[in-house]
There are 2 protein chains.
Amino acid sequence: MTDSTCVFCGGAGGRVVYDDGRCRVVIADEPFAGFCRVVWNAHVREMTDLIPADRRHLMNVVFATEAALRELLSPHKVNLSSFGNVVPHLHWHVVPRFADDSHFPNPIWGNRIRETPARAVATDFPHRLAVRIAAAEGLVP
Amino acid sequence: MTDSTCVFCGGAGGRVVYDDGRCRVVIADEPFAGFCRVVWNAHVREMTDLIPADRRHLMNVVFATEAALRELLSPHKVNLSSFGNVVPHLHWHVVPRFADDSHFPNPIWGNRIRETPARAVATDFPHRLAVRIAAAEGLVP
């Protein structure tokens, strides 16, 4: 199941830190520190188009990503979302939020509140994130 | 676990169509047809603060809500999100989106695109939603 016009079929969507064949985690090229996407590899539109075991697996990877980001970046809050209005290929945004980030407390798609630049992350952040997600319990591909 | 200052501890957050003691589904009073919230009843901040069995249960209710909304309203897309930046009490937005709704394809927190009012839903929509969520498979409270 691929769609030749879909950006998530045609490319990873960011720097890959995890891929178990069913889904992948990428660090997104967005102006928010630690912004990750968890992308279902096949071109599927809605969570309820997946069979329950696949849904559960995808959410386990989302939660493993959330846990790793909390451990590494200690965000004030984590924001999770799956829209797919523009790219209808199942993917989750896992976004660590900080009380002084450019949009907080708005969603990052809402109005900008302040001019804060994205915080810097450590150069080994991708590696440390990859290690933690790979070590998460219960991720059986 | 309750917080006396929290709106989701102090009130339902909408019209209740499901409550199994651990979480509830409410129809939100928002200008989007069929906009539901799935609220964890206890005052918990992040998905990864729940034990895995509770996470799984909450997501099963989110997906049962998505399935019921798809069946009843045939949206173009379903949007799922859990932010909690303003109200840090675990809750999910389950939002049926339509290609001609006021914000599509933007997230509903983004810029309004057009002046379309929210579509009307049938007067028995809350009842039909309640019946479908209660009948969903795999919801063991």
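This one's a predicted model, so the numbers in the text were calculated from it and none came from an experiment.

1. Regarding empty space enclosed by the protein
Link 1 in the chain: Throughout the structure, instances matching the rule amount to two cavities of 30 Å³ or more.
Link 2 in the chain: Roughly 130 Å³ of internal volume is contained in the largest cavity.
Link 3 in the chain: Forming the walls of the largest cavity are P52, R55, R56, M59, N60 and F63 of chain A together with P52, R55, R56, M59, N60 and F63 of chain B.
Link 4 in the chain: At the level of elements, α2 (52–73) of chain A together with α2 (52–73) of chain B are the ones that each hand at least two residues to the lining of the largest cavity.
Link 5 in the chain: Residues that form the lining of the largest cavity fall into these classes: six nonpolar, two polar and four charged.
Link 6 in the chain: The space that makes up the second largest cavity amounts to roughly 30 Å³.
Link 7 in the chain: Lining the second largest cavity are E66, K77, V78 and L80 of chain A together with R45, E46, M47, S82 and L90 of chain B.
Link 8 in the chain: Residues that form the lining of the second largest cavity fall into these classes: four nonpolar, one polar and four charged.

2. What to know about the nonpolar core
Link 1 in the chain: Membership of the largest hydrophobic core comes to 64 residues, with the highest contact counts inside it found for W92 and L129 of chain A together with W92 and L129 of chain B.
Link 2 in the chain: For L129 of chain B, the contacting residues outside a window of four places in its chain are V17, I27, C36, A68, L69 and L72 of chain B.

3. Re the relation of the copies chain B and chain A
Link 1 in the chain: Between chain B and chain A, which share one sequence, the superposing operator has a rotation angle of 180 degrees and an axial displacement of 0.0 Å; the RMSD is 0.0 Å. In the structure described here, the two chain copies are related by an operation that fits a two-fold rotation axis. Nearest to the rotation axis, the C-alpha of S81 of chain B is located 2.0 Å from it, this being the minimum over chain B.

4. Re the interface of chain B and chain A
Many authors give the size of an interface as the accessible area that is lost as the parts come together.
Link 1 in the chain: Taken together, the contacts link 31 residues of chain B with 31 residues of chain A.
Link 2 in the chain: Here chain B and chain A share an interface that buries about 2,900 Å² over both sides, 55% of which is from carbon and sulfur atoms.
Link 3 in the chain: Three residues, K77, F83 and N85 of chain B, lead the burial of chain B against chain A; their summed loss comes to 22% of the area buried on that side.
Link 4 in the chain: Residue R70 of chain B is joined to D49 of chain A by a salt bridge in which the shortest nitrogen-to-oxygen separation is 2.9 Å.

5. A short note on the confidence of the model for chain A
Link 1 in the chain: For chain A, per-residue confidence averages 95 on the pLDDT scale, and residues scoring 70 or more make up 99% of the total.
Link 2 in the chain: The ipTM value of the predicted complex is 0.96, and its pTM value is 0.96.

6. Remarks on the pairing of strand β2 (residues 23–27) of chain B
All names here are of chain B.
Link 1 in the chain: Of all five residues making up β2, five are buried, and the element is well covered by its neighbours.
Link 2 in the chain: The alternating pattern of β2 places C23, V25 and I27 on one face and R24 and V26 on the opposite face, and all of these are buried.
Link 3 in the chain: Following strand β1 (residues 15–19), the chain reverses through three residues before pairing antiparallel with β2; G21 in that reversal takes a positive phi of roughly 95 degrees.
Link 4 in the chain: Relative to strand β3 (residues 36–40), β2 runs antiparallel, the two being bridged by five bridges. Its bridge partner being in β3, R24 is matched across the sheet by V39.

The rules behind these values
Residues numbered from 1 in each chain as written. Chains lettered and ligands numbered in written order. Predicted model: local features only at pLDDT ≥ 70, side-chain atom pairs only at ≥ 80, totals over all residues. Heavy atoms only, no water. 1 Å grid on protein atoms, 1.4 Å probe; cavity = no way out; pocket = protein on both sides within 12 Å on 5 of 7 lines; lining within 4 Å. Points joined across faces, edges and corners; volume = space filled by probe spheres on them. Helix = DSSP H or I, 4+ residues; strand = E, 2+ residues; numbered from the N terminus. Nonpolar A, V, L, I, M, F, W, Y, C, P; charged D, E, K, R; others polar. Core = buried A, V, L, I, M, F, W, Y, C linked by side-chain atoms within 4.5 Å. Buried < 20%, exposed > 50% of the residue type's maximum accessible area, 1.4 Å probe, protein only. Contact = heavy atoms within 4.5 Å. Least-squares fit on C-alpha atoms with pLDDT ≥ 70 in both. Buried area = accessible area lost by both parts, 1.4 Å probe. Salt bridge = Lys/Arg side-chain N within 4 Å of Asp/Glu carboxyl O. pLDDT = per-residue confidence, 0-100. Pairing = 2+ DSSP bridges.

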